[in-house]
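A look at the structure
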Amino acid sequence: MNFFWEARKVILLSVLIYLSVKAIFFFGYVSQYIEQITLYALIVILASLGLNVIYGYTGQFSLGHAAFYGIGAYVSAYLTKIFSIENIFAYIPILFISGAAAGLIGYLIGIPILRLRDDFLAIATLGFGTLVRVLLDNSDKFSEVFGGSRGFVGIPRLTTFELAFVIVIFLILITHNLIYSRYGLFWRCIKNDELASASIGINTFSMKLMAFTYGCFLAGIGGALYANLYTFLHPSNFDILKSIDFLIIVIVGGMGSIAGTIYAGLIWVGFIEGLRIVLPAEVVDLRWVFIPLLLIALMMWKPYGLMTKSRN
Amino acid sequence: MNALEVEGLEKSFGGVKAVDGISFVVEEGKTVGIIGPNGAGKTTVFNLITGFYRVDRGRILFYGKNITRTQPYKLPHLGIARTFQNLRLFSNLSVFENVLSAILKKDGYNVVSSVFRTADYFMKEGKAEKKARELIEFFQLSGKENYPANNLPYGEQRRLEIARALALQPKILLVDEPGAGMNPREVQDLLQTLREVKERFSLSIVIIEHQMGLVMNISDKVVVMDFGEKIMEGTPGEVKKDKRVIEAYLGEEFI
Amino acid sequence: MELLGYIFQQCINGLQLGAVYALIALGYTMVYGVLRLINFAHGDIFMLGAFIAYYLLSRFTLPIYVVFVLTMICTALAGYIIEKVAYKPLRNAPKISLLITAVGVSLFLEYFLSLKAVFTPNYIAFPRPFEVEAFDLSLFTITNVQLIIFSITGVSLGLLYLLVYKTKQGTAMRAVSYDKEIASLMGINIDATVSLTFIVGASLAGVGGILYGIAYPQINVFMGVMPGIKSFIAAVLGGIGIIHGAVLGGFIIGLSEVFVSAFLSSTFRDGVIFVILFLVLLLKPTGIFGKRIDKV
Ligand SMILES: Nc1ncnc2c1ncn2[C@@H]1O[C@H](COP(=O)(O)OP(=O)(O)O)[C@@H](O)[C@H]1O
Ligand SMILES: [Mg+2]
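These numbers come from a predicted model, not from an experiment. All residue numbers refer to positions counted from 1 along the written sequence of the respective chain. Ligands are numbered from 1 and chains lettered from A, in the order in which they are written. At least 70 in pLDDT is required for a residue's local features to be given in this predicted model, at least 80 for side-chain atom pairs to be given and counted, and no such filter applies to totals for whole chains, interfaces and linings, which use all residues. In computing side-chain values, all of the structure's heavy atoms are included and hydrogens and water are not.

**Let's talk about the nonpolar core**
Only buried residues count toward a nonpolar core. Its members are Ala, Val, Leu, Ile, Met, Phe, Trp, Tyr and Cys residues joined through side-chain atoms within 4.5 Å. In this scheme, a residue with accessible area under 20% of its type's maximum is buried, one over 50% is exposed, and one in between is partly exposed, where area comes from a 1.4 Å probe on protein chains only. Residues Tyr55(A), Leu225(A), Leu233(A) and Tyr87(C) are the most contacted members of the largest nonpolar core, which totals 253 residues. In terms of residues, this core owes the most to one element, helix H3 (residues 32-57) of chain A, which gives 16 residues. Sequence-distant contacts of Leu233(A), that is, excluding residues within four places in its chain, are made with Ala73(A), Tyr74(A), Ala77(A), Gly151(A), Phe152(A), Ile155(A), Tyr226(A), Ala227(A) and Phe238(A). To qualify as a helix, a DSSP run of H or I must reach at least 4 residues; to qualify as a strand, a run of E must reach at least 2; elements of each kind are numbered from the N terminus. Here a residue-residue contact requires only that any non-hydrogen atoms of the pair lie within 4.5 Å.

Below, the structure written as structure tokens:
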């Protein structure tokens, strides 16, 4: 199939990366903890890629991306727990159901809010994020399983390195193919100029909705992998600070660059988690003092954003 | 056959009538010029035809089909393309992508083809790229395919915008002040290009222009607007002699 | 009869909360007017107001009106500095860059103050400068705290009205709000007007912070987040950029919040405000007093 033929280089590279990572794990150079972080980095890359589609490529600013990540996480946690899933092959459909749930909610919420622009969109997505946080905090009122503000406990651990790796590579390839097709081109047209896009016949609203839905779907899958990796969820894992995490990765990686998001995701997770290993906890707490400063510095340095690459 | 009929178009902004009962007809294959002083309402007429502003009153027919209040993005599919007075290119996209986007909008493949790279994807992409290169060559932008659009000199940006509009293979092309900000030599070039375009793509054209020379040269018919109203309509020869037109332009530079 | 009394009582409580929201919303709406920026850090200026007052009241035994004046000066200064340092360099940058910067400033203020070495992430008790007294008016009771909030809000609104509509600087503000380019052509000093807008907005937020501390005497470095967002929603509801809109919006949001808590459940208090936001953005994005404009 063309899909695999086109992707041969990426697949080859992935196999090499997989083997080397496995070898490192096998020869025991790294702890369980590092293995967990590597997995977490894959998850963060996937969710950030979703925001990159929405914001980096299509220009629709969202401050609520973590909400969709959270929806995916809670849906997967719920389904794997009530069905006591143990088998990876039963887990894969649930992963995609969780992504689809986040995508569907993104679609429904996108219908009203994607008519808004820039800062109003920011407020609406922030509002939605806060709303989801409130619902998660009170989720025990709907069903005890969710645990409300005490957190969701006892989620089956199903996310393995192999599974996460294959799923993430597969979704990166699909995202790549979408972006380097007419749809990706239309998204970038919309980011550049909505009126001009309409003047060449692009249905800007439905294209924005498509980008938003797909981006939320990716976040949902990321969230699902997260839930079944850490086996415990808390509403505070999905608040605005998490949304800002994703935003920083997209901006640092260069908005509208897949490779950039991958590098930035790895660096970001490595940096934050690395700090945790070398520094005492109180110093790590300082990160939310420095991250905002980093954000401001980035904006001052390149106020026009780090622009999308052309396709040639 | 009439390509475009505009009947009694009206539009006000906060009580001020920007367009006040404009009617005119564009016959298939003909070029109609719209002239008038700044603020006469010419651009507003375009924005009404292309659905960017909501029509207050009046009708717009395209080959007999009522297109009043149609959403802007639907019009290119019917065969209407436009350019903007203040240039609206995809400024961070390459010259090539600016043209390609319009072609792929007109003749594209579906999501499944995109994701799985089916034969349809390669065929349509190949065709589109070939066509984009042809258009770029026709508008003398060859060699600059990979420049970001906003790195082109102003005159070339104007040409690129027309190329992008033509990439939609329209039946009618609406151009808003294509000569604005160009020097006389560039205007002459543009004139030549528009003539060739008309022949090669067998189009109807509506052209708004401030520089009388350009319009008079290319138009089969000229509509003159002032304060939102049509003050006269006729051949370029008739318009040049008309007293009301000269009055409307008094105080403006009359080229 | 009992229900009626209960409703009246909730109205008073809602107006008390609404007054604070109105004071914060004014800053959002005025800054949006002159810069088209949602100043995310504005809720944190409100928080700073409460913390400065806390400091002045607990360290020095100053009379309350001195506390008000000093707090206003400090928050005004903070607003002025934030604008000069963080926003002014980005005046011509895309809107989102400015917005991200504002989010950055907001997070920085919160997390910097929450450091143990600087302050604390925990709740602390706000020292009320006087005892609470309730006056029973048979149908409902009203406290001296509420009377103070209403009167100080009233005075602030009156002074703001005089500033905006009766002074040259206020006219400049309205002109910049209407059209920055034209205002600049008319010889109005844009920088000075923007600075003044931040100063006025921040002092009002400072007043709001003290009043909030007196009314709900628990303060925390994150206390500005929700009231900030809600006040912004109030400003949108009233019509962003419109001064009386912000005041009306503040009261509507305050009343809705109190009524939802009283008659439904306090769980949904925040949720309802966001539902209001979605409804406004959907039905009339320009808010109650706003007008529609097409632009190509
Ligand atoms: N979006 C708008 N809002 C308010 N007034 C407008 C708008 N667009 C155009 N106008 C007004 O309509 C009138 C006609 O403008 P326009 O059609 O641009 O004139 P022309 O293209 O002939 O120079 C002008 O007075 C202009 O100010
Ligand atoms: Mg015009």
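**Here's the deal with the interface of chain C and chain A**
Contacts between chain C and chain A engage 40 residues on the former and 37 residues on the latter. Accessible area, probed at 1.4 Å, shrinks when two parts are joined; the buried area is that loss added up over both. Note on chain C versus chain A: buried area summed over both sides is about 3,300 Å², and carbon and sulfur give 86% of it. Note that Asp119(A) and Lys95(C) form a salt bridge whose closest N and O atoms lie 3.7 Å from each other. For this analysis, a polar contact is any N or O atom pair within 3.5 Å, provided that within protein one partner can donate a hydrogen and the other can accept it, and provided that sequence-adjacent residues contribute only side-chain to side-chain pairs. Across the chain C-chain A interface, the total number found is 1 residue pair in polar contact (both at pLDDT 80 or more). Within the residue set of the side of chain C that touches chain A, elements represented by two or more residues are helix H3 (64-87), helix H4 (95-114), helix H9 (225-238) and helix H11 (269-283) of chain C. Broken down by element, the side of chain C that touches chain A gets its largest block of residues, 13 residues, from H4(C). Three classes are used: nonpolar for Ala, Val, Leu, Ile, Met, Phe, Trp, Tyr, Cys and Pro, charged for Asp, Glu, Lys and Arg, and polar for all others, with Gly counted as polar. Tallied by class, the residues present in the side of chain C that touches chain A amount to 30 nonpolar, 6 polar and 4 charged. We define a salt bridge as a side-chain nitrogen of Lys or Arg found within 4 Å of a carboxyl oxygen belonging to Asp or Glu.

**Some remarks on the site of ligand 1**
If even one non-hydrogen atom of a residue comes within 4 Å of a molecule or strand, that residue is called near it. Near ligand 1 you find 12 residues, and of these Gly39(B), Gly41(B), Lys42(B), Thr43(B) and Thr44(B) are the closest. Those chains with residues close to ligand 1 are chains B and C. One nitrogen or oxygen atom from the main chain of Ala40(B) is found 3.1 Å from an oxygen atom belonging to ligand 1. Here an oxygen atom of ligand 1 sits 2.7 Å away from a polar atom, N or O, in the side chain of Thr43(B). Its free accessible area being 560 Å², ligand 1 has 68% of it covered by the protein chains. The element contributing the most residues to the shell around ligand 1 is helix H1 (residues 42-49) of chain B, with 3 residues. Its residues placed into classes, the shell around ligand 1 shows 5 nonpolar, 5 polar and 2 charged. Note on areas: Shrake-Rupley, 1.4 Å probe, and residue coverage restricted to the protein chains presented here.

**Some thoughts on the coordination of the magnesium ion (ligand 2)**
Residues and elements named next belong to chain B. Donor atoms: N, O and S within 2.8 Å of the metal, or within 3.2 Å for Na, K and Ca. Because water is excluded, sites can look incomplete. The magnesium ion (ligand 2) binds to the protein through Thr-43 (OG1) and Gln-85 (OE1); the donor distances cover 2.0 to 2.1 Å. Of this pair, Thr-43 sits in helix H1 while Gln-85 sits in the loop between strand E6 (80-82) and helix H3 (95-106), placing them 42 residues apart in sequence. Exposure remark for Thr-43: the relative accessible area of 23% places this residue in the partly exposed category.

**Some thoughts on the sheet that holds strand E4 (residues 57-62) of chain B**
All names here are of chain B. Overall, antiparallel pairing links the 4 strands, which are arranged E2-E1-E4-E5 in an open sheet. Edge positions in the sheet fall to strand E2 (16-27) and strand E5 (65-66), since each has one partner strand and no second. Strands pair, by our definition, only if DSSP identifies at least two bridges between them. By the bridge criterion, 5 bridges tie strand E1 (residues 2-13) to E4 in an arrangement that is antiparallel. In the sheet register, Val-6 faces E4, and the bridge partner there is Ile-60.

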